[in-house]
Amino acid sequence: MLRENIVLYKVYVLKQRKGGSEVVKHLSTHTPFFSSAKAAFLELHKLNFSKNYLVLMTKNNVQINAYRYQSVMGDRDYFDETMELRQ
């Protein structure tokens, strides 16, 4: 298999603050399988963080899904379990 054909999903929690952002390292995963990335995203979605935190999913380093904790419907990074995740 050629390396350029490999898909890599990353799911992680990002803490935003003035001066930059940081990945919460113990809350991240990398996988070639969307089903695993989806499961991780949905589990991280259940955690309780302030609005300074986001759950992000990327596919080959391009953001495809995001959820900002404490967001409400209509907000840019809102997500709930009834919504479909992009692959």
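In case you missed it, the structure is sitting above this.
Residues numbered from 1 in each chain as written. Predicted model: local features only at pLDDT ≥ 70, side-chain atom pairs only at ≥ 80, totals over all residues. Heavy atoms only, no water.

Caption draft 1: Structural view of the side chain of D80. Of note, D80 is situated in the segment after β4 (62-68). Summary of buried charges: D80 has no salt-bridge partner, and the nearest side chain of opposite charge, K38, is 12 Å away. A polar contact of 3.1 Å, which involves the side chain of D80, links it to the side chain of Y78. At 2.4 Å, the side chain of D80 forms a polar contact with the side chain of T82. Here D80 is in contact with H45 and M73, once residues within four sequence places are set aside. (Helix = DSSP H or I, 4+ residues; strand = E, 2+ residues; numbered from the N terminus. Buried < 20%, exposed > 50% of the residue type's maximum accessible area, 1.4 Å probe, protein only. Lys, Arg positive; Asp, Glu negative; His and termini not counted. Salt bridge = Lys/Arg side-chain N within 4 Å of Asp/Glu carboxyl O. Polar contact = N/O pair within 3.5 Å; in protein donor to acceptor, adjacent residues only side chain to side chain. Contact = heavy atoms within 4.5 Å.)

Caption draft 2: The arrangement of the nonpolar core in detail. Membership of the largest hydrophobic core comes to 18 residues, with the highest contact counts inside it found for V11, V13, F41, L44, V55, M57 and Y69. Looking at this core, the elements that each hand over two or more residues are β1 (9-17), β2 (20-31), α1 (34-45), β3 (53-59) and β4. Here this core takes five residues from α1, the largest share from any one element. Discounting chain neighbours no more than four positions away, the residues touching F41 are V11, V55, L56, M57, N65, A66, Y67, F79 and L85. L14, L54, L56 and A66 belong to the second largest nonpolar core, which has five residues in total. (Core = buried A, V, L, I, M, F, W, Y, C linked by side-chain atoms within 4.5 Å.)

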